[in-house]
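In case you want the letters, here they are:
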Amino acid sequence: MIRGFTDNADQFKPICIFGGDLNFFGDVVVNIKRLDRILKNNNIIEYNKQYNQIKNKGFRKIQILCMKPEGESEEDKKTRIRIGYLKEKLKGNLEIKFFEEKACDDCPDRKNCLACEVCKKCPEGKACKRTETQICDKLRESFQSRCYNPDTQLRGRIVKRKSDGSTSAAIVTTHKSGKSYILKEYSSNTKECTIYLNIWDVWWKKCKVDEDFINQCITDYKNFISAEGE
């Protein structure tokens, strides 16, 4: 369904991706096994259907918000290599920003927090009676815990439809007890789409581009393919 949603997107407009650790793009593999090559294993980024769809559609601008893999775990190392691969392949069309988490008490923007902009634009018109120090129920629903802080569990995309130019959001939620994934699509005339669009705008403004870290990811990717290819 996510590929069907993406197929209807206008590639001349930005595609905005809530990315998490980007593992839905698969892993970078150099020495691909013969069976994986024959079957075009979707867990390998080279054959991954979501990655290839975005690349082949030729989106002029791809914006991704994702977690910053700064640790030394195997998963963080894989994610850095994945980010390096994406930047090398998608070049200047791809812009990645990393989630920033701040406790409200430590946030210098507390008095003018952009999270309040979500409420000002909320189609519910503050019917929830939320005050500036309370957590919005909509954010709580998606595991949001503090102020504007991004929900790293959130996955999904926001695009402009090529058919009519309207904005649509496709949000993936995790049903934790069954460990299954549910995709919900919201059209521009729904309050949910408006809320997710406003949340994206807040996070994209708040989060920063870390060029030094991106360049390190590219170096990690190049070192990986060099070492694996020997």
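Placed above this text is the structure.
What comes next concerns the included structure.

Cut-offs applied
- Residues numbered from 1 in each chain as written.
- Predicted model: local features only at pLDDT ≥ 70, side-chain atom pairs only at ≥ 80, totals over all residues.
- Heavy atoms only, no water.
- Core = buried A, V, L, I, M, F, W, Y, C linked by side-chain atoms within 4.5 Å.
- Buried < 20%, exposed > 50% of the residue type's maximum accessible area, 1.4 Å probe, protein only.
- Helix = DSSP H or I, 4+ residues; strand = E, 2+ residues; numbered from the N terminus.
- Contact = heavy atoms within 4.5 Å.
- Right-handed = clockwise from strand over helix to strand, strands pointing away.
- Polar contact = N/O pair within 3.5 Å; in protein donor to acceptor, adjacent residues only side chain to side chain.
- Salt bridge = Lys/Arg side-chain N within 4 Å of Asp/Glu carboxyl O.
- Expected span 1.5 Å × (residues − 1).

This part is about the nonpolar core. The biggest cluster of nonpolar side chains holds 30 residues, and the ones touching the most others in it are F25, I62, I64, I83, L86 and I96. Secondary structure elements with two or more residues in this core: α1 (2-7), β1 (15-20), α3 (49-57), β2 (62-66), α4 (74-90), β3 (94-98) and α8 (211-229). Not counting residues within four places of it along the chain, the set of residues in contact with I62 comprises I15, I17, I54, L90, N93, L94 and E95.

For β2, the buried fraction is high: 5 of the 5 residues fall into the buried class. Side chains I62, I64 and C66 project from β2 onto one buried face, and the interleaved Q63 and L65 project onto a second face that is buried too. Handedness of the crossover is the feature at issue here: the chain leaves β2, passes through α4, returns alongside β3, and the resulting connection is right-handed.

Quick look at unusual backbone geometry now. Residue K40 is not a glycine yet carries a positive backbone phi of 50°. By the secondary structure assignment, K40 is in the loop between α2 (34-39) and α3. The phi dihedral of K91 is positive, around 55°, even though this residue is not glycine. Position of K91 among the secondary structure elements: in the loop between α4 and β3.

All of the buried residues along α3 are Q50, Y51, N52, Q53, I54 and K57. The inward-facing, buried residues of α3 contact α1, β1, β2, α4 and β4 (155-160). Taking the backbone nitrogen of Q50 as reference, a side-chain oxygen 3.0 Å away marks N48 as the first, capping residue of α3. Among the residues trailing α3, G58 stands out with phi positive, at a value near 70°.

Moving on to the pattern of salt bridges. Pairs may arise between side chains of opposite charge once their charged atoms sit close together. By the definition in use, this model includes 10 salt bridges. In this structure, D27 and R82 form a salt bridge, with 2.6 Å as the shortest nitrogen-oxygen distance. A residue pair is termed long-range when its members are at least 10 positions apart, and D27 in the loop between β1 and α2 and R82 in helix α4 qualify at 55 residues. Of the residues examined, R82 reaches a relative accessible area of 1% and is grouped as buried. In this structure, the salt-bridge partner of R161 is E185, at a minimum N-O distance of 2.3 Å. Of the two residues, R161 is situated in the loop between β4 and β5 (167-175) and E185 in strand β6 (residues 180-186); the sequence distance between them amounts to 24 residues. What makes R161 buried here is its relative accessible area of 19%.

Its 17 residues place the ends of α4 24 Å apart at the C-alpha level, agreeing with the 24 Å of an ideal helix rising 1.5 Å per residue. Inspection of α4 places T79, R80, I81, R82, I83, G84, Y85, L86, K87 and L90 among the buried residues, and these make up the whole buried set. Looking at the residues trailing α4, positive phi occurs at K91, about 55°.

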